[in-house]
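Each chain, written out:
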Amino acid sequence: MIAQTPPSASSGGEPLLQVRGLKKHFPIHGGILKRQVATVYAVDGVDFEVYPGEIFSLVGESGCGKTTLGRSILRLTEPTAGTVRFDGEDVIGMSADELRPLRRQMQIIFQDPFGSLNPRMPISDIIGEGLLAQGLTDRKARDKKVEDALETVGLRREYTRRYPHEFSGGQRQRIGVARALALEPKFIVCDEPVSALDVSIQSQVLNLLLDLRRDFNLTYLFISHNLSVIQYFSDRVGVMYLGKIVEVGTVEDLYRNARHPYTIALLSAIPDADPRRRQKRLVLKGDVPSPVAPPPGCRFNTRCWLREQLGKPERCTTEEPELRALSSGHRVACHFEDSITDSTVADTVAAQSVIDTAAAI
Amino acid sequence: MTETLSAQAPLGTPPARETLLEVRDMKTHFKVLDGIVPAVDGVSFSLGRGQTLGIVGESGSGKSVTALTIMRLLDIPPAVIGAESEVWFDGREILHMPIDAMRKIRGKDIAMIFQEPLTSLNPVLSIGEQIGEQVRLHLKVNKREARDRSIESLRMVGIPSPEKRIKQYPHEMSGGMRQRVMIAMALSCEPKLLIADEPTTALDVTIQAQILELLKVIQQRTGSALLLITHDLGVVAEMVDHVVVMYAGQIVEQGSVNDVMLEPRAPYTMGLLESIPTAEKRGGRLSVIKGVVPSPFHLPPACRFEPRCPYAWDLCREVAPDLAAVAGSATEQLARCHLHGKVGESRRTGALDHHAGAMRVGRGLKEDPGKTLSSRGDR
């Protein structure tokens, strides 16, 4: 049985991970002189915290910056600005040598079980590489740890001499989990760990991650675009749009009482496997704008159905909404959040034309 | 497998007039270095005019190959099509007809939308040229009429300023927009059957919602039949009236969407639905289907799902079950499982109760610690 109460999300304990004002901007170089001609604002000022033992999820569409955010926290990509505190220590200010012991406690599981395992390395080296980097040079001791990790994720100890191509997608993802686990971390970033897997394999891996959390007291930052998986799996959720968190709260806050127009549309877009629950969806118009030139004011204003319904108030395009607290732990970045009622959503759904939802040129 | 494609293959009788598409005993095998892959192995189903049918299955189940065989888009060899296999479309057998005749149907009466719009559009032709080429070929109209028709179909799928868009190239468009272009192209010749192979898998969830709603409206408006191929049970539940569930090259269950999704009777379908994460299952473990899909070179001897099936017994390892009527069902629901045969009668109730229980998993669930290990299936 999983502990369903988020350990200290609202009870005021010390967060394990605290992210403040985190930004990651990628320069685009062009022209003959390769000067910087533009900037991709991949992550553009994000604040959140993850408490010990909880599963905090980041959800958003492709290009919203959720993966970059996960990598920046681990300094796999160097953030442009902001602070990350892990267990009270400042991760960003550390030198590479200072960072190494901390890396042991912060691991990552990657999305693509095919691309993230080196095809020329046997499993013992793939999993053992991190241990070696952490100074475990004794081959025997290392192999023992590798075998233990394999067993923990439900694979046979003998598999250490095999190569990645000998395994199925689900097994490879278990190897990815074993690699993270071998270092006995406290905290794991799970970047879309089940997105590449078939439904029947996906549930095996999700169960494994929940078992490991319970057995090893782990904390997860879970990154996904799959809202059903997130609803089942997480304690708290942050919804990202164009490099910013637009709403954050417990799963109950978000799935029962979403207050950001984008969250409401995302939830409405999930196809339900129960044919009795067929309903007209709230369909967002157009595509996500480019993170090179995010819209002024609220970044969601170009697709916002609420703004349309309110007669396009000027404030949405001139003033960027702050992430403000509605209740303990539930925060939302929308100027007009209080004008959302059940009927505003229903009216929008009734009035929309599903054909004309493509973006204008 | 020594069957080869032969023009003189004996044909059965055509199906009734109201049946638009009927697939009979489709066998598509691939000869590869390691042996023979029975990608589609005896699949039969039919689709009425203007109706919607979903084929659902995981990777490797044969659902896409089924569509490609209907379209005759596979290279023969390596593909080998069974001599007894037939596909009847609009009163004609299309699987064995001369390829020239098929070319007149393909793209006109049967159109297909592919999963990845970027790779299925030609990068060096403008949108207008690509749609226009098809229109001119099939409808024998001049350039100007073809252009007008292209603009009209782009407008129909909600692309703003289609007069400007037809001059653009695929790389200038977003993923959702490209998929709209694919749909416009498919619709340009007013097909009787639209085959959509994972039309939204590569798209973000809000764009998926746009495209699914669009497909629904267009299907109703044009009255074309829709064959939707997907791995997403949610998409199936939202979009189609009838469902075919495939596993390891065979149909394991078929019926109306309500029957299959709400009262599944093949253990594979039951397991799939049990394993979907939902709000109600929060706090409980997800049910899993243990193990993995069998290798096509080493298929289990009898029932192909048997090694993963929680209800299997000796008979399932000895005799392959037929796709037969589901016991106690008043509708036309079929399942490939011995549970629905005479000998399975005593086990059926237990299996169905177990499934109902798994679907009810909720907050109060107490976990049996012994289950944890066995569910970490390692095969």
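Provided above is the structure to which this section pertains.
Residues numbered from 1 in each chain as written. Chains lettered and ligands numbered in written order. Predicted model: local features only at pLDDT ≥ 70, side-chain atom pairs only at ≥ 80, totals over all residues.

Enquirer: Got a minute to help me understand the overall build of chain A in this structure?
Expert: Across its full length, chain A holds 12 helices and 12 strands. For 361 residues, the compact-globule formula gives about 21 Å, and the C-alpha radius of gyration of chain A, at 22 Å, lands near that figure. In terms of its C-alpha atoms, chain A occupies a principal-axis envelope of roughly 70 × 60 × 45 Å. (Helix = DSSP H or I, 4+ residues; strand = E, 2+ residues; numbered from the N terminus. Rg over C-alpha atoms; globule rule 2.2 N^0.38 Å.)

Enquirer: I tried to follow the sheet that holds strand E12 (residues 330-332) of chain A on my own but got confused; where do I start?
Expert: Residue and element names in this part refer to chain A. Reading across from one edge, E6-E7-E8-E3-E9-E10-E12-E11 is the order of the 8 strands in this open sheet, with mixed pairing throughout. The open sheet terminates on both sides in strands that have one partner only, identified here as strand E6 (106-109) and strand E11 (324-327). Mean inter-strand twist for the sheet, computed between neighbouring axes without regard to direction, equals 20°. The pairing of E6 with strand E7 (residues 187-191) spans 4 bridges and is classified as parallel. Directly across from Gln107, in E7, lies its bridge partner Ile188. Each of strand E9 (236-241) and strand E10 (244-250) is contacted by helix H9 (residues 261-268), which is oriented at about 105° to E9, the strand it contacts most. (Pairing = 2+ DSSP bridges. Axes fitted to C-alpha atoms, helices over the stretch in contact; angles between N-to-C directions. Contact = placed C-beta atoms within 7 Å.)

Enquirer: Sorry, what's going on with the pairing of strand E3 (residues 55-59) of chain A here?
Expert: Looking along a regular strand, one sees side chains alternate from face to face of the sheet. Residues and elements named next belong to chain A. For E3, a buried count of 5 out of 5 residues is recorded, marking the element as mostly surrounded by other parts of the structure. Alternating residues of E3 divide into Ile55, Ser57 and Val59 and Phe56 and Leu58, and every residue in both groups is buried. Note: E3 against strand E8 (residues 219-224), 5 bridges, orientation parallel. Following the sheet pairing, Ser57 is matched in E8 by Phe222. Sheet topology note: the E3/E9 ladder contains 4 bridges and is parallel. Note on E9: the bridge partner recorded for Ser57 is Val237. (Buried ≥ 20, exposed ≤ 12 C-beta atoms within 10 Å, placed from the backbone.)

Enquirer: Explain the nonpolar core to me, please; I cannot follow it from the model alone.
Expert: One finds Ala184, Leu227 and Val245 of chain B to be the most contacted residues of the largest nonpolar core, which totals 203 residues. Once you skip the residues sitting within four places of it in the chain, Leu227 of chain B turns out to touch Leu47, Leu53, Ile55, Ala67, Leu193 and Ile195 of chain B. (Core = buried A, V, L, I, M, F, W, Y, C linked by C-beta atoms within 7 Å.)

Enquirer: Please explain the interface of chain B and chain A as it appears in this structure.
Expert: A common measure of how large an interface is: the accessible area buried when the components associate. The partner chain A presents 49 residues to the 56 residues of chain B that form the contact. The biggest single contributor to the side of chain B that touches chain A is helix H8 (residues 205-222) of chain B, with 9 residues.

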